[in-house]
Each structure stands twice: as C-alpha cells, then as structure tokens.
Number of protein chains: 2
Amino acid sequence: MKLKFIKGHGTGNDFVLIPDHDDQLDLTPDQVAVICNRSFGIGADGLIRIVKKAGQWFMDYRNADGSHAEICGNGTRVMARYLLSKKLVTESNFTIGTRAGDVQVSLDENNLISVILGPVIDEKEVLTVQIQGFQFQGELWSAPNPHVVSIVEDLSQLGNMLELPVFAPVDKLTNGANFEFVQLVSEHKVSMRVYERGVGETLSCGSGACAVAKYMQAYWTTDAAITVVVPGGELIIESLPQQLVRLTGPAVLVAEGELDLEALSS
Amino acid sequence: MKLKFIKGHGTGNDFVLIPDHDDQLDLTPDQVAVICNRSFGIGADGLIRIVKKAGQWFMDYRNADGSHAEICGNGTRVMARYLLSKKLVTESNFTIGTRAGDVQVSLDENNLISVILGPVIDEKEVLTVQIQGFQFQGELWSAPNPHVVSIVEDLSQLGNMLELPVFAPVDKLTNGANFEFVQLVSEHKVSMRVYERGVGETLSCGSGACAVAKYMQAYWTTDAAITVVVPGGELIIESLPQQLVRLTGPAVLVAEGELDLEALSS
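All figures in this text were calculated on a predicted structure; none of them were measured in a lab. (Residues numbered from 1 in each chain as written. Chains lettered and ligands numbered in written order. Predicted model: local features only at pLDDT ≥ 70, side-chain atom pairs only at ≥ 80, totals over all residues. Heavy atoms only, no water.)

**Things to note about the domain arrangement of chain A**
How big an interface is tends to be expressed through the accessible area that disappears when the partners come together.
All names here are of chain A.
In step 1: Looking at chain A, the domain boundaries give domain 1 (2-113 + 250-265) and domain 2 (121-249).
In step 2: Measuring from the centre of the C-alpha atoms in domain 1 to the corresponding centre in domain 2 gives 25 Å.
In step 3: On the side of domain 2, 12 residues touch domain 1, which itself brings 12 residues to the contact.
In step 4: Here domain 1 meets domain 2 over a buried area of about 790 Å², counting both sides, of which 56% is carbon and sulfur.
In step 5: Looking at the side of domain 1 facing domain 2, the largest losses of area belong to Thr 11, Asn 74 and Arg 77, adding up to 47% of the total buried there.
In step 6: The interface formed by domain 1 and domain 2 contains 0 salt bridges. (Domains from an automatic or database assignment. Contact = heavy atoms within 4.5 Å. Buried area = accessible area lost by both parts, 1.4 Å probe. Salt bridge = Lys/Arg side-chain N within 4 Å of Asp/Glu carboxyl O.)

Spelled out as structure tokens, the structure:
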C-alpha cells in the first residue's frame, strides 16, 4: 500500500505528515515506528496524521515509537504550515483540534508560525538534577508536561553529558521529565539545550522553550517576549492571559511523496 | 528548486537516490549534507546521484557530509534495485560505473541483490584495538578500505561501548579504520557489530561484512559462503577468483517523491 507523506520540521524537530483527510487510515504502532525509523523508514521525531473531523482539522499525533501523544507544539506549527501551503485553510489565524483540545495557530508577516500553548505553571519547587556525578539546581514547571529548568554559566561546558541519563530523584518525577539547561545570552534572550524523556538530547522542544521563557520572565521580572535559541533554530515566546503562551518560529516542509508500507515492513 | 528523490536501504544502510539521468545536477557539499541531515532534510547515510554516462549507469556516491566516496557496497545494491524496479535495465545481471571502476550487480531468484566487490586482502597484521581502557586483538584487512576484525565471545557484552571512539594506535591507521567485532553463531555464520570511521556504530557495512567473511573463511579453512548477521539484517558473502567477493542481501526502496532544495536550505 502506498501512502502520501510530507516531511517537515520546526527548528529541527521533524515530522512525517500523513494526509488522511477522510479519516480512513488506522496505522498500527509498528507501522508508525517503521515510518519514523531513520534507517528503515523516512525518519522523524513523530508522525502526524492529518484528519478533517466535523469540519475541523485534527492532528492525530504519534511519537516515533508509535505511542499516542496528546499534542506537540512544534508539530502543530508544522501541520499549520501544511494546511496553509496546500490552501486547505485560507485564514492566517485558525484552530487545529488535538487530543488535548483545540489549539490556535497563526501565520505572521515574517512567514513564521505561532501556536498558543499552556497553561505554563511555576510549580514553585526547586529540585536537584543529576547527570552521573554532577548536580544542577533546577526549577519544576508544567507546560503542562513536566519540565525542569536549570540555569548554567556556559552550555558548551555540558559537552556530551546529555548523552547520559538526566534525572531528578523525586517521587513526582518517577515517570521522568524534560530537562532544560539555559545560558543567558542578552536581554530577553537565552540559549537552551534540552534532554527529553524517552529520547535524550533533541534539537528543539516547543513546550520546553515555553517553560524556559516563563522562567526567564519571572527571573527578569518582565512581560517582554523571550527569544529561546535551541540547537535547531530560534523560537520566540510571548505571555498571554491565563498563563498561556504564544510560541512562534519557522516551520518548513522539505519533501513530499509516497511511501511504500509493504516495503517498509519487509 | 524541486528534486526527485527515492529513499532506500540495504540492511539498514540507507540512501537518498537522486535520479539525474542526463547528468545536469551539480549538488554542492552543503546541499548533499542538508539532504542527508536526519532532522532538517530527508536523512541518509549517503546520497547517490544516478547518472547515465556514455550509455552506462554511473553511481555518483557522496557521504552524508557531502564529501565524495569512491564506492559503497550496499549503496550499489540499492541503486541496482532502483534501476531494476524502474525497468531502466532489463537484464538481471549488469554493470554500474563507480569512481572505483565498473562493478557487477545482479538480481537472484530470491529477490536479493548482489554486488561483486574487492579485492579483499589479508594484510597479515595483528593489531591492538582500543576502546577506552579495553583492548581487543584484531586483524587488518583491506577491502580495499581498511578493516580491523576482532572475534569476541559475546557481542552483547560490548553494550554501549561503540558509542566511544574505537581505534588501533598504529601509524598506518592514523586516518582511522572500520572496526568489526564478530561473534560465531553456527557453521559458516557469524554475527557482527561495526564501528565505521567518521560515523560510529552503524546498522550495516558491506565492505566490513566482506572483510569479516574472508577472515572467517581463513579461520574455518573453508570456501563456503559465509552469512554475516548485521544489526540491520543479513548478508551473504561468497568468494570469487582474484580475492573478489560477491555480497548478497536485501535492497529495498521505501519512498519516493520530491524534495524542495530551497526549503531545505532555509
């Protein structure tokens, strides 16, 4: 069976998009995993099945291992790029349905795509982050998934450390968390490296950048937009009412074609 | 600019194929690197530009970093699959030109694809392979690129060791080598893990499997075909006259489409 696909990314967080407007496809976890496998398939951090349900575009997001996820910030932005570039939506401001509810996306005059995420909440808890023998002080945020944000003097000193397991030994994080390490760059701008649970270091993490931005706004006692430089590019985060944030950045479609499900599974 | 591409692999060694039958394309190293980048591009171990020169199919092979390479065994097999599946060749036995000269490829009755490689030569030199504090005894082979083959009792005991630098501290290998670790499985069958210079551990290495097979034939004093199980599948190696070998295994095309060179470079 041949399946149409698109490959795209948002600051290096990459996705295989499968247009399934009529909601006909039931991809098994194994099929998703092999499509996302970087050697045997197309390769991606996640798969987005694009469905139209009751007149609204819906994002069926799957992790690279085939498991379901509620939402993915950068994934939503890349899906929005697809809908816009294929002229499936004509407004520059619209809604995408997700398992975590409807999210608002928009295209701005710089050709960047925004998504509104959150709430991003300060859990007011200081934790000890451990990487082998090293310890960092981190603050717990929920976005709403758990993030632990640590400020470090120089990100480059982390070297290859994020290839090792990163964890905070507290009961409430027994299922893991995402760990952001942040270096101050200039006023309202920081640089970040991120360790995602179940994955390791990644080029970008949308919700992580949002948690970091809210942390920095509190740290600098400012409401100004925060620029977060991730290894895969640059994201801008603005605060909105009710602890929501607007995450803005590039979203690019790099290829499209057909994949051969039979060959993939052979 | 849009470019047609095909993604395929041979035992997990994966390639982006760019059909350029009329030899019109001059891809820069940066363009090759971004196409092969697994987050920002399609992602592959290498890129194969498929050209017809003076009536013969030619493989312009590039490493994932954009540099030129003379030949790639598994890549040749995947290119042969492309030529066969597109009916650009009709014989089951034909020649592909490479920078290392013409190589013979063929399709067998099990739908496997073979390529004739070599010469594979025993350099009759025993080396010490080092991984951090650990040492292994290895034998140097050229296929014709350098390979150091070490027999170990249990491959699983290597664990994550191949994430560390592997090297043999001798002058003639200052440019590195490929290191194969081999476990005996049954008569004429071994299992192998491979560390490729400039890359690290990979799912498969065609020339490495050939070096290992010739080593095992000498070890077992046999001319019989050797099956080499790599992490990405199974390869069969037969000896031919003049120290040549026939490497046989699966070659699969999993997707095809168009990539957007402008979006890739943005």
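**What to know about the interface of chain A and chain B**
In step 1: Facing 25 residues of chain A, the contacting portion of chain B comprises 25 residues.
In step 2: Of the roughly 1900 Å² buried between chain A and chain B, counting both surfaces, carbon and sulfur atoms make up 55%.
In step 3: Counting across the interface, chain A meets chain B through 9 residue pairs in polar contact (both at pLDDT 80 or more).
In step 4: Listed by contribution, the elements that provide at least two residues to the side of chain A that touches chain B are β1 (2-10), β18 (252-260) and α4 (261-264) of chain A.
In step 5: Tallying contributions element by element places β18 of chain A first for the side of chain A that touches chain B, with 9 residues.
In step 6: For the side of chain A that touches chain B, the residue count by class is 11 nonpolar, 8 polar and 6 charged.
In step 7: Bridge count between β18 of chain A and strand β18 (residues 252-260) of chain B: 5 bridges; the pairing is antiparallel. Counterpart to Ala 255 of chain A in the pairing with β18 of chain B is Leu 259 of chain B. (Polar contact = N/O pair within 3.5 Å; in protein donor to acceptor, adjacent residues only side chain to side chain. Helix = DSSP H or I, 4+ residues; strand = E, 2+ residues; numbered from the N terminus. Nonpolar A, V, L, I, M, F, W, Y, C, P; charged D, E, K, R; others polar. Pairing = 2+ DSSP bridges.)

**Re the pairing of strand β10 (residues 146-151) of chain B**
All names here are of chain B.
In step 1: The element β10 is largely enclosed, with a buried count of 5 among its 6 residues.
In step 2: In the sheet, strand β9 (residues 134-142) pairs with β10 via 4 bridges, with the strands oriented antiparallel. Paired with Leu 140 across the two strands is Val 148, which belongs to β10.
In step 3: Taken together, β9 and the strand that follows it, β10, pair antiparallel across an intervening segment of 3 residues. (Buried < 20%, exposed > 50% of the residue type's maximum accessible area, 1.4 Å probe, protein only.)

**Overview of unusual backbone geometry**
Backbone phi values are negative for most residues with the exception of glycine, while trans is the configuration of most peptide bonds.
In step 1: Between Gly 118 of chain A and the following residue, Pro 119 of chain A, the backbone shows a cis peptide bond with an omega angle of 5 degrees.
In step 2: A cis amide bond links Ala 143 of chain B with the next residue in sequence, Pro 144 of chain B, at an omega value of -15 degrees.
In step 3: Structurally, the position occupied by Pro 144 of chain B is in the loop between β9 and β10.
In step 4: The phi dihedral of Thr 11 of chain A falls on the positive side, at around 45 degrees, and the residue is not glycine.
In step 5: Position of Thr 11 of chain A relative to the elements: it lies in the loop between β1 and β2 (13-19).
In step 6: Of the residues examined, Thr 11 of chain A reaches a relative accessible area of 1% and is grouped as buried.
In step 7: Positive phi outside glycine occurs at Asp 23 of chain A, with the angle close to 60 degrees.
In step 8: By the element assignment, Asp 23 of chain A lies in the loop between β2 and α1 (29-36).
In step 9: Residue classification places Asp 23 of chain A among the partly exposed positions, given a relative accessible area of 35%.

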